[in-house]
Every structure is written in structure tokens, then in C-alpha cells.
Amino acid sequence: MNTIHRPDPEFVGNLERELRSTIRRQGRFDNGPSASAMAIRKLRWTTGLVALTAMCIGSAATFAVTQRLRGQTADLIIARSEAHLEFANARLELFLEELQETESRAAAGLIAPEQLDDMRLEFSHVKERAAARALDVEETRITGRDPDNSLSAPTLRGRDFVTERLELERAVRLERVSWVDKHASTPGLDLDQASAVARERQAVRAAVSIVEERLALRQDYLSGARTARQVELADMQFSVGSQREIAKRRVTELQQELDRVNALVEDGMATRSEARPVEMAFRAAVLQYDLAELEMQILESKLADPSGQ
């Protein structure tokens, strides 16, 4: 079967005549070339309008979908924050009951006063966490996002949630300082216990200093005394500096311990296996100090760089 179709010459001639006749008839009614151009321009305008309308409809649909998804995500974040608060409040109720029972036993002389102090301190921590979670719920209900605890976070409807959380943290850390100071004065502590209490006292006081420094930096940012970048870098610098000081003290303590153990090994009163854990702890402390020192140098370099890199 031949699939090539060759048109009849007579048919082609008739078709050309009909086309010319049709063009002449249209020329009588379209007022010449200007009318044809106007028709073409009208067609182009209509096509462009349709395309623009389609684009707007598509953009509006995309925006609506995005807004709906954002709304759903915000609802989930708020629900999660409320669940955390509910758990924290339930835990607070249980600790309150236990504290009341502990106070009753202490009043009856059934437990030592130190146990009551421990329970009260733990209750303070639980209470602080519940209060912080309540602040989180208030913030997420406003923003629909996770709480922002950065020092450069904005205030929201006149509320400074960052400062409020920091003040809660400072209060509980100060209670911890009082607890440690009270236990440090307990009579009858041996050398190891006294050393451990002294280290804990340094640690808790350093923790209070960090919170107080963060509060001061937060106020610097809110007052415009420092930029967001300056505040965040200064916050990291102070934190790393505190870690460096703690690591430095730890290196000094372990160096003394290592010297003592090595002397025992040389005198044949201890073995290498007994000295090895102290040596490993010393090396780890030295590494922590070196890392903190490097981190501090990096932060100082960034603070001194006006380009913000």
C-alpha cells in the first residue's frame, strides 16, 4: 500500500482560488491593514491578560497553601509547648506533695535536715522549669514558632521573654549557691570531700556569673549599646572564658595528683596501671583547656573584625 498522497493539480488550483476570494471578501469589511493590525494587537493583549491572570491565580493558590501549612505547623508547635507545660506542672504537683511529706518527717525528727535541704533545692529546680515552660507557651502563642532564647531576640507585645527566663534561671542558681555554701561549712568533711565541695562552689558561682553576664548583654542589646552580632559573640566569649578558667584549674589539680602518683611509682609504691587513669584524666583536661583557648582566640578575632565575617 502506497502511503504517499500526491494532491491532484486541479484540486490545488481550486483551493488557491478559494483562498484568494476569501481574502478579498474579508478586505471589504476589515478596513484594510489597520484593522488587521488592531485584531492582531487585540489577540496579543487578550493572550497576555489570560497568561497574567493564570499566573496570579497560581501565585494566590501557592500563597494560600503556604499559609495553611504554616498555620498547621504553628498549631503543632503550640500544642507541643502546651504538652511540655502540662508535664512540667504535673511533675511540680508530685514534687510539692513529696516536699510536704519530707517537711513533716523532718519536723518529727525522722530524717536529717540535709535531706530536707536537698528536697527543697530539687523542688526549686522543678518549679523553675515549670515557670519557664509557661513562658514558652505564651511566646509560641504569639509567634507560632519555637521559643527564641537568643540574646538578640525581639520583644513581643511588650514582653521580654528572654530576660524573664534568664531571671528564673538566676534565681534557681543562687539557691544552688546557698545550698553549696551551707554544705561547705558542714563539720567533719575529709580532704576529698572538702576538695569536691570547693570545686562545686566554683562551678555554681561561675554559672551564676554567666547568667548575670547574659542579662547584662541582653540589656545592652535592647538599649542599642551593642548590635545583635556583638552581643551574641560576647555571650559566647564569656561562656568560653569561664570554661577555660575551669579547665585551667582542673589541669593544675590533676598535675599535682599526677606528680604525686608518679613519685609513688618511682618509689615502687604504685604501679603504672594505677597511675594511668590519672595520666589520662590529666591529658583530657589539657586538651579541654587547649580547645577552650583556641575557641577564645577565634571569638576574639571575630569581635575585632569590623566586616562581620
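**Re the confidence of the model for the chain**
Turning to step 1, where the next piece is worked out: This prediction gives the chain a mean pLDDT of 81; 76% of its residues lie at or above 70.
Turning to step 2, where the next piece is worked out: Mean pLDDT across the elements of the chain ranges from a minimum in helix 1 (residues 9-29), with 52, to a maximum in helix 3 (residues 113-143), with 93.
Turning to step 3, where the next piece is worked out: Scored below 50 in pLDDT, residues 1-6 shows 0 contacts in the model against residues more than four places distant or in partner chains.
Turning to step 4, where the next piece is worked out: Counting contacts from residues 28-35, a segment whose pLDDT is below 50, to residues more than four positions away or on other chains yields 3 contacts.

**As for a negative patch on the surface**
Turning to step 1, where the next piece is worked out: On the surface, E93, E97, E98, E101, E114, D118 and E122 cluster together into a negatively charged patch.
Turning to step 2, where the next piece is worked out: Within the residue set of the negative patch, elements represented by two or more residues are helix 2 (33-107) and helix 3.
Turning to step 3, where the next piece is worked out: Ranked by residue count, the leading element in the negative patch is helix 2, at 4 residues.
Turning to step 4, where the next piece is worked out: Examined against the element boundaries, E93 turns out to sit in helix 2.
Turning to step 5, where the next piece is worked out: The class for E93 is exposed, based on a relative accessible area of 54%.

**Let's talk about the environment of E167**
Turning to step 1, where the next piece is worked out: Considering the arrangement of structural elements, one finds E167 in helix 4 (residues 161-184).
Turning to step 2, where the next piece is worked out: C-alpha of E167 to C-alpha of L215: the two residues are 48 residues apart in sequence and 7.9 Å apart in space.

**Description of the side chain of R214**
Turning to step 1, where the next piece is worked out: Turning to its location among the elements, R214 is positioned in helix 5 (residues 191-223).
Turning to step 2, where the next piece is worked out: Polar side-chain contacts of R214 include one of 3.1 Å to the side chain of D235.
Turning to step 3, where the next piece is worked out: Filtering out sequence-adjacent residues up to four positions away, R214 remains in contact with N149, L151, L166 and D235.

**Things to note about helix 4**
Turning to step 1, where the next piece is worked out: When the terminal C-alpha atoms of helix 4 are compared, their 35 Å separation across 24 residues agrees well with the 34 Å that a helix rising 1.5 Å per residue should span.
Turning to step 2, where the next piece is worked out: All buried positions along helix 4 are accounted for by F161, V162, T163, R165, L166, V172, V177, W179, V180 and H183.
Turning to step 3, where the next piece is worked out: Next to the buried residues of helix 4 lie helix 3 and helix 5.

**Digging into unusual backbone geometry**
Turning to step 1, where the next piece is worked out: Residue R157 is not a glycine yet carries a positive backbone phi of 55°.
Turning to step 2, where the next piece is worked out: In this structure, R157 sits in the loop between helix 3 and helix 4.

**Some points on the pattern of salt bridges**
Turning to step 1, where the next piece is worked out: Taken as a whole and judged by the stated rule, the model has 22 salt bridges.
Turning to step 2, where the next piece is worked out: Between E82 and R141 there is a salt bridge whose closest N-O contact spans 2.8 Å. With a gap of 59 residues between them, E82 in helix 2 and R141 in helix 3 connect regions that are remote in the sequence.
Turning to step 3, where the next piece is worked out: Linked by salt bridges that have partners in common, R133, D136, E139 and R165 make up one network.

**Details of the packing of helix 5 against helix 6 (residues 228-266)**
Turning to step 1, where the next piece is worked out: Two elements in contact, helix 5 and helix 6, have axes whose closest approach is 9 Å; the angle formed by their N-to-C orientations is 170°. Between helix 5 and helix 6, the interaxial angle falls into the category roughly antiparallel. Facing R199, Q202, A206, S209, I210, E213, R214, L217 and Y221 of helix 5, the residues of helix 6 in contact are A228, V231, A234, D235, F238, S242, I246, R249, R250 and E253.
Turning to step 2, where the next piece is worked out: Tallied by class, residues from the contact of helix 5 with helix 6 come to 9 nonpolar, 3 polar and 7 charged.

Parameters and conventions
- Residues numbered from 1 in each chain as written.
- Predicted model: local features only at pLDDT ≥ 70, side-chain atom pairs only at ≥ 80, totals over all residues.
- Heavy atoms only, no water.
- pLDDT = per-residue confidence, 0-100.
- Helix = DSSP H or I, 4+ residues; strand = E, 2+ residues; numbered from the N terminus.
- Contact = heavy atoms within 4.5 Å.
- Patch = residues over 30% accessible without salt bridge, like charges linked within 9 Å, V, L, I, M, F, W, Y side chains within 5 Å.
- Areas by Shrake-Rupley, 256 points an atom, 1.4 Å probe, with all protein chains shown as cover.
- Salt bridge = Lys/Arg side-chain N within 4 Å of Asp/Glu carboxyl O.
- Lys, Arg positive; Asp, Glu negative; His and termini not counted.
- Charge placed at Lys NZ, Arg CZ, Asp CG, Glu CD.
- Buried < 20%, exposed > 50% of the residue type's maximum accessible area, 1.4 Å probe, protein only.
- Polar contact = N/O pair within 3.5 Å; in protein donor to acceptor, adjacent residues only side chain to side chain.
- Expected span 1.5 Å × (residues − 1).
- Axes fitted to C-alpha atoms, helices over the stretch in contact; angles between N-to-C directions.
- Parallel < 35°, antiparallel > 145°, perpendicular 65-115°, else oblique.
- Nonpolar A, V, L, I, M, F, W, Y, C, P; charged D, E, K, R; others polar.

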